Amino acid sequence: MKRTELMLIGLSSSICAILLTETNYQIAKSKVDIPSSYAKLPLHNNENHFCKGPKKRMQIDPLRESMEFPNQHYFEYRNQKARFHSYNRHGYRSNSPNGEDPKDITNVKKSVWVFGDSFTRGSLADNSETIPSQLTKLSNNDMTFVNFGVGGHGYLNALRHLEWASQNMKHIPKAIIFIGHANDIMDDQRASARFKELSSYRDQSQITPIEPITPTWKAALKNFPYAYSRLSMIKYTAKNFIIPRINRVPNSPISLPQKYLDQSKTNHAQFLNKAQSITSLVFSAYIPSLYEDKVPGYEGMDTLNRKIMRESAKTINSSYLYLSFEKITEIAKSRKINLSSRFDIHGSPDMHYNELGYYLAALAISDQISSYSNLEFKSKLTSYDSIDYSKTEACPL
């Protein structure tokens, strides 16, 4: 073997060794969340222990696409902590620490309806630490801020939830709030395809299950009959999201067809118009990503969603609040809380708001509401992490 070849082999081996060492170092350095390693209760899936209700989270809902099971109680394990979740008889999250709401949400006389996705629902927060729950406490419990948030739901879903509320709530709300995030446009496309699938079936027994399918050959065979019905969704996803991302320059904004942006803008405009037909007080707030416009797979989406929400709010002359880190920092300083970076209000590796983030967002929204209405927030609420279930991890009786 020639000397040159030996040198190339040696150089290649060295490069491979360096890359392998660096990869192992990065893996060791990164925070990997493995709930089974710290959960004190047995897990029924990869991150939940169910105290009450079926041992799975979501069910099909023809009007709203998907909902949590009614009267469900469970622990959610993320970011090395246990959070307690409970849902009322309508599948919406409770504001009560133990999940026992004093009154059915449909019969609350003095209420504010809050719509949105998992940031409204309150991932990484116990029942009493979500934005709607914090706002209720800030009002000194004079108003009930009803949590209509569902994870993964965007503008189109919010419109459907508002339709449900207008049909089932017995009293007109004092105000309506929508809280948006970077994935709302993408969620609209999934929801739109899903609603088409739902409308094509006569009964729910034929509908593709929502629960994720275990990637085994047995599961693949079992679910083969569903494959054809979802072929159009797979084709749409590959054409409009996967292929464009592969061909895109890294970190450059995602280029979406204008019709998708127009569709989401129409969905949100319809939501705001319907909300304004119910009550004159309509508010919008936008929560940006931890890595704004730079989250892999969502590059540029913060800017696009903010634009939709800002322009739609302007059309009906309603209040829009951008919860930038600068705005949150301003609110924190007013409460003598020092923030050193965005990581102080977000979780890791799950990057939702943490308890402090939800608390400060609730304060900012309460200021927004007070500025444009006579609704009052009299409480000097100072505690934002009211319960730590990680110490006990016992299902409420």
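Counting from 1, residues in each chain are numbered in the order their sequence is written. pLDDT decides what is reported in this predicted model: residues at 70 or higher carry local features, side-chain atom pairs at 80 or more are listed and counted, and totals for whole chains, interfaces and linings draw on all residues regardless. Just so you know, side-chain values use all the structure's heavy atoms and leave hydrogens and water out.

Quick word on the overall build of the protein
The secondary structure content of the protein amounts to 12 helices and 10 strands. Buried residues are those whose accessible area, probed at 1.4 Å on protein chains only, stays under 20% of the maximum for their type, while exposed residues exceed 50% and partly exposed ones sit between those limits. Relative to its 397 residues, the protein shows a buried fraction of 51%. Pairs at least 24 apart in sequence give 71% of the contacts found in the protein among residues at least 6 apart. Residue-level accessible areas treat just the shown protein chains as cover; the underlying method is Shrake-Rupley with a 1.4 Å probe. When the accessible surface of the protein is totalled, it reaches about 20,200 Å², and 55% of it is carbon and sulfur. Per the convention used, a helix needs a DSSP run of H or I reaching at least four residues, while a strand needs a run of E reaching at least two, with both numbered from the N terminus. Should any heavy atoms of two residues lie within 4.5 Å, those residues are considered in contact.

Focus: the environment of Leu41
Relative to the assigned elements, Leu41 resides in the loop between helix H1 (3-29) and strand S1 (48-52). Here Leu41 falls in the buried class, since its relative accessible area comes to 19%. It is 8.8 Å that separates the C-alpha atoms of Leu41 and Phe75, two residues lying 34 residues apart in sequence. Filtering out sequence-adjacent residues up to four positions away, Leu41 remains in contact with His49, Phe75, Tyr77 and Glu393.

A short note on the side chain of Asp117
Within the secondary structure, Asp117 is located in the loop between strand S6 (111-116) and helix H2 (118-121). This buried residue, Asp117, is left without a salt bridge; Arg121 holds the nearest opposite charge, at 9.1 Å. Ignoring sequence-local partners within four residues, the contact set of Asp117 consists of Gly149, Val150, Gly151, Gly152, His153, Ile179, His181, Asn183 and Asp184. Counting rule applied: Lys, Arg positive; Asp, Glu negative; His and chain ends not counted. Whenever Lys or Arg places a side-chain nitrogen within 4 Å of a carboxyl oxygen from Asp or Glu, that contact is recorded as a salt bridge.

What about the packing of helix H3 (residues 131-138) against helix H12 (residues 355-372)?
Here an axis means a line fitted to C-alpha atoms, over the contact stretch when the element is a helix, while the angle between two N-to-C directions is reported on a 0 to 180 degree scale. Contact pair H3 / H12: the axes reach a minimum separation of 9 Å and the direction vectors enclose 55°. When the axis of H3 is compared with that of H12, the two are oblique. H12 is crossed by H3, and the crossing has right-handed handedness. Touching Ile131, Gln134, Leu135 and Leu138 of H3 are Tyr358, Tyr359, Ala361, Ala362, Leu363, Ile365 and Ser366, all from H12. Residues are grouped as follows: Ala, Val, Leu, Ile, Met, Phe, Trp, Tyr, Cys and Pro are nonpolar; Asp, Glu, Lys and Arg are charged; every other residue, Gly included, is polar. Residues of the contact of H3 with H12, tallied by class, amount to 9 nonpolar, 2 polar and no charged. Roughly parallel means an angle under 35 degrees; roughly antiparallel means over 145; roughly perpendicular covers 65 to 115; every other angle is labelled oblique. Here a crossing is called left-handed whenever its near helix is offset anticlockwise from the far helix by less than a right angle, and right-handed whenever the offset is clockwise.

A look at the nonpolar core
Among the buried residues, those of types Ala, Val, Leu, Ile, Met, Phe, Trp, Tyr and Cys that are joined through side-chain atoms within 4.5 Å form a nonpolar core. In terms of nonpolar packing, the biggest core is built from 39 residues, with Ile177 and Leu360 touching the most fellow members. Secondary structure elements with two or more residues in this core: S6, H3, strand S8 (175-180), strand S9 (282-286), helix H11 (325-334) and H12. Looking at which element gives the most residues to this core, the answer is H12, with 10 residues. Once you skip the residues sitting within four places of it in the chain, Ile177 turns out to touch Val112, Trp113, Val114, Phe115, Leu135, Phe145, Phe283, Ile365 and Ile369.

Looking at the state of the cysteines
Any two cysteine sulfur atoms within 2.5 Å of one another count as a disulfide. Scanning the model with the defined rule gives 1 disulfide in all. The disulfide partner of Cys51 is Cys395, and the gap between their sulfur atoms is 2.0 Å. Across the disulfide from Cys51 to Cys395, rotation about the S-S bond amounts to roughly -70°, and the bridge is consequently left-handed. Taken as a pair, Cys51 in strand S1 and Cys395 in the segment after H12 lie far apart in primary sequence, 344 residues in all. For Cys395, a relative accessible area of 29% gives the class partly exposed.

Things to note about helix H5 (residues 184-199)
A helix is expected to span 1.5 Å for every residue after the first. With 16 residues, H5 extends 22 Å between its outermost C-alpha atoms, agreeing within 8% with the 22 Å of an ideal straight helix rising 1.5 Å per residue. Within H5, 13 of the 16 residues are buried, which leaves the element mostly enclosed by the surrounding structure.

Comments concerning the pattern of salt bridges
Applying the stated criterion across every chain, the model contains 20 salt bridges. The salt bridge partner of Arg78 is Glu47, with a shortest N-O separation of 3.0 Å. Placement of Arg78 in strand S4 (residues 73-78) and of Glu47 in the loop between H1 and S1 is noted, with a sequence separation of 31 residues between them. We note a salt bridge from Asp61 to Arg64, for which the minimum N-O separation is 2.9 Å. A network of salt bridges, in which partner residues are shared, links Glu47, Arg57, Glu68, Glu76, Arg78, Arg121 and Asp350.

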